[in-house]
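# Working through the structure, step by step
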Amino acid sequence: MDFYITKDYEELSVAAANFLAGQITLKPNSVLGLPTGGTPLGMYKNIVAMYQKGHIDFEKIVTFNLDEYLGLNPQHPQSYSYYMATNLFDHVNIDRNNIFIPDGKTQNPIETCKDFDRTMAKFGSIDLMILGIGANGHIGFNEPGETLQVNTHVGDLSPETIDANSRFFTDKEEVPQKAITMGLGPIMKAKRVLLLASGSSKASAIKDAFNGKITTGLPASLLQLHCNLTVILDQEAATLL
Ligand code: PGA
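Figured I'd write up the structure that's included with this text. (Residues numbered from 1 in each chain as written. Predicted model: local features only at pLDDT ≥ 70, side-chain atom pairs only at ≥ 80, totals over all residues. Heavy atoms only, no water.)

## Focus: the sheet that holds strand 6 (residues 128–131)
Spatially, the seven strands line up as an open sheet ordered 1-10-9-6-2-3-5, and their pairing is parallel. The outermost strands of the open sheet, each flanked by one partner alone, are strand 1 (2–6) and strand 5 (99–100). As defined by bridge partners, strand 9 (residues 192–197) adjoins strand 10 (residues 229–234) across five bridges and the pair is classed as parallel. Within strand 10, the position partnered with Leu194 by the bridge is Thr230. (Pairing = 2+ DSSP bridges. Helix = DSSP H or I, 4+ residues; strand = E, 2+ residues; numbered from the N terminus.)

As structure tokens, then:
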């Protein structure tokens with residue numbers, strides 16, 4: 001496990017973008033696992049700038065998003081499809097056929113989850129999985145619980161996650177209560193994992209995730225078992241370490 005502590009969110013975003021750019025440069029046909037949320041916004045902004053300067057090429061890149069809200073169509077401004085289009089995919093030369101995001105509007109969520117796993121399996125393991133972390137220690141929408149799932153599944157958002165994500169919606173009632181999320185399988189099998197955390201609201205989850213104990217009550221704690229994990233934190237997220 002490698003930990004890097006940056007001065008602030010801007011520095012974290014540059015460091016994360018450089019890490020991702022390094023992966024794309026060294027392996028132009030990388031399979032990436034990508035997060036959404038507030039934390040990676042700065043990374044995507046920097047990576048788009050690097051692309052525009054001609055430093056990186058997405059032509060052969062394949063992406064799998066970690067999750068999508070169940071019930072939101074891809075055009076919904078709070079859907080993760082829309083987030084990815086507006087923050088990354090519309091600005092780079094990625095092949096649309098190489099973008100995989102669970103379909104939030106599926107009529108058959110179980111089949112959609114199986115299909116997502118089958119497609120991931122065709123590409124082998126993910127080369128670089130980038131993750132945020134919830135204040136409750138979730139990764140993707142793998143929420144704290146008695147058990148965690150290996151494969152892609154429909155998960156219930158915890159009350160803390162609904163609260164946290166309500167900042168993106170006009171009304172808390174609008175936050176979907178369920179999401180399709182990758183399970184822990186592809187995360188733990190990824191060749192490299194990059195975890196990003198910014199702000200004091202993440203400090204306690206970061207402290208508990210890396211205290212030497214593993215618990216399904218704090219899904220990110222499983223990352224301690226990953227053989228190639230890099231953690232980039234800003235100072236506020238690192239205060240309790
Ligand atoms: P955030 O979400 O980046 O918006 O804080 C992270 C997460 O919930 O995984």
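## Observations regarding the sheet that holds strand 8 (residues 178–181)
As summarised here, the arrangement of the three strands in space is 4-8-7, forming an open sheet in which the pairing is antiparallel. The open sheet has two edge strands, strand 4 (67–69) and strand 7 (153–156), and neither has a second partner. Looking at each pair of strands side by side, their axes are set apart by 30° on average, direction ignored. Pairing between strand 7 and strand 8: four bridges, direction antiparallel. When the sheet's bridge partners are listed, Gly155 is paired in strand 8 with Ala179. (Axes fitted to C-alpha atoms, helices over the stretch in contact; angles between N-to-C directions.)

## A closer look at the site of the ligand
Neighbouring the ligand are the residues Gly37, Gly38, Thr39, Gly132, Ile133, Gly134, His138, Arg167 and Lys202. Between an oxygen atom of the ligand and a side-chain N or O atom of Thr39, the distance comes to 2.5 Å. Within the side chain of His138, a nitrogen or oxygen atom sits 2.6 Å from an oxygen atom of the ligand. When isolated, the ligand has an accessible area of 280 Å², and the protein chains bury 84% of it. (Near = heavy atom within 4 Å. Polar contact = N/O pair within 3.5 Å; in protein donor to acceptor, adjacent residues only side chain to side chain. Areas by Shrake-Rupley, 256 points an atom, 1.4 Å probe, with all protein chains shown as cover.)

## With respect to a nonpolar patch on the surface
There is a patch of nonpolar side chains on the surface, built from Met1, Phe3, Ile5 and Leu241 and spanning about 390 Å² of accessible area. Mapping Phe3 onto the fold places it in strand 1. Accessibility expressed as a relative area gives 31% for Phe3, which makes it partly exposed. (Patch = residues over 30% accessible without salt bridge, like charges linked within 9 Å, V, L, I, M, F, W, Y side chains within 5 Å. Salt bridge = Lys/Arg side-chain N within 4 Å of Asp/Glu carboxyl O. Buried < 20%, exposed > 50% of the residue type's maximum accessible area, 1.4 Å probe, protein only.)

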